[in-house]
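Working through the structure, step by step
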Amino acid sequence: MHDPRIIVALDFPSAEDALLLVRKLNPDLCRLKVGKELFTAAGPQLIEKLTHQGFEVFLDLKFHDIPNTVASACKAAANLGVWMINVHALGGRKMLTAARDAIPQGSATKLIAVTLLTSMDQSDITDIGLQGSPEQIVLRLAQLTNDCGLDGVVCSALEAAQLRQHFGTEFCLVTPGIRPADGHVNDQKRITTPQQAILNGASYLVIGRPITQASDPLLMCQQLNSKILTAIAGLHLEIGKH
Ligand code: C5P
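Taken together, the residues surrounding the ligand are A9, D11, K33, T118, P176, R179, Q188, V206, I207, G208, R209 and P210. The side chain of K33 places a nitrogen or oxygen atom 3.0 Å from an oxygen atom of the ligand. For the ligand, the protein covers 79% of the area, taking 460 Å² as the surface of the free molecule. Judged by the fraction of its atoms near the pocket grid, the ligand is located in the largest pocket.

So, in structure tokens, the structure goes:
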């Protein structure tokens, strides 16, 4: 089945910059992530262009507002025909349920949640009055997301193994912070190779600069994809043994 695991993060300031890169990519090998910067600059027209070129899009706008507002935003996003959208789990049960209910039955749009932003450390958590360690809060918010019937969460590949164990094979785990074994780390702190992310149970890998700044983005995408496919084949072999 056609289900590319790489989601290329289009962290660009304009549609022109994004489209220059996208022209070099192949929708059989990757999906695309459009976040707040690019969507604010380029709007729904860009989403239309990307889907017209055969790419499936993760619209990464991380909605967080009162339930009614988030539900309307999710409906509008699903109407753009995107493959995946997301909300903040910190918006709470009513907001998550309203978001879930807003996506039409049978819609192809997946709805996932951000648990705790990885930029939040223990002191940030204490500052806003949350109790527990980041790991405990991630697990609690992932549980809430699952209880509310969403399709999965964004998480670090390092957290993926624990979440996969807790929530089973159907729960979608989308993991950023991916770097090839020999790649630049950039500003990412807790990184994982594509193979390790898959072995930890990640469903989809968000990869930005290793692909967008490669001298040959398509070749890099192909190389990362073949590593991912090898890791998936290994996983299936393991499962077959049990
Ligand atoms: O270039 P790089 O591979 O670091 O890009 C990763 C993408 O994933 C960026 O769009 C970044 O905003 C996003 N992201 C992340 N860490 C998170 C959540 C999202 O790097 N915890």
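For the rest of this paragraph, the subject is the pairing of strand β3 (residues 57-63). Consecutive side chains along a regular strand alternate between the two faces of the sheet. Burial within β3 is extensive, with 6 of its 7 residues counted as buried. Pairing of strand β2 (residues 30-35) with β3 involves 4 bridges; the strand directions are parallel. Following the sheet pairing, G35 is matched in β3 by D60. As for the winding sense of the linkage, the β-α-β connection from β2 through helix α2 (residues 36-52) to β3 is right-handed. Crossover handedness for the path β3 to helix α3 (residues 67-79) to strand β4 (residues 84-88): right-handed.

Taken as a whole and assessed by the stated rule, the structure comprises 7 salt bridges. Measuring nitrogen to oxygen at the nearest pair gives 2.8 Å for the salt bridge that ties R31 to D3. Taken together, the residues span a long stretch of sequence, with R31 in strand β2 and D3 in the segment before β1 (6-9) at a distance of 28 residues. The exposure class assigned to R31 is buried, which follows from its relative accessible area of 4%.

Among all positions of helix α4 (residues 93-102), only M95, L96, A98, A99, R100 and A102 are buried. If you follow the buried residues of α4, they end up packed against β3, α3, β4, β5 (110-114) and α6 (134-147).

Okay, unusual backbone geometry next. For K62, which is not a glycine, the phi torsion comes out positive at approximately 45 degrees. The topology assignment puts K62 in strand β3. In this structure, N186 is a non-glycine residue whose phi angle is positive, near 55 degrees. The exposure class assigned to N186 is partly exposed, which follows from its relative accessible area of 38%.

The rules behind the values
Residues numbered from 1 in each chain as written. Predicted model: local features only at pLDDT ≥ 70, side-chain atom pairs only at ≥ 80, totals over all residues. Heavy atoms only, no water. Near = heavy atom within 4 Å. Polar contact = N/O pair within 3.5 Å; in protein donor to acceptor, adjacent residues only side chain to side chain. Areas by Shrake-Rupley, 256 points an atom, 1.4 Å probe, with all protein chains shown as cover. 1 Å grid on protein atoms, 1.4 Å probe; cavity = no way out; pocket = protein on both sides within 12 Å on 5 of 7 lines; lining within 4 Å. Sits in = over half its atoms within 2 Å of the grid points. Buried < 20%, exposed > 50% of the residue type's maximum accessible area, 1.4 Å probe, protein only. Helix = DSSP H or I, 4+ residues; strand = E, 2+ residues; numbered from the N terminus. Pairing = 2+ DSSP bridges. Right-handed = clockwise from strand over helix to strand, strands pointing away. Salt bridge = Lys/Arg side-chain N within 4 Å of Asp/Glu carboxyl O. Contact = heavy atoms within 4.5 Å.

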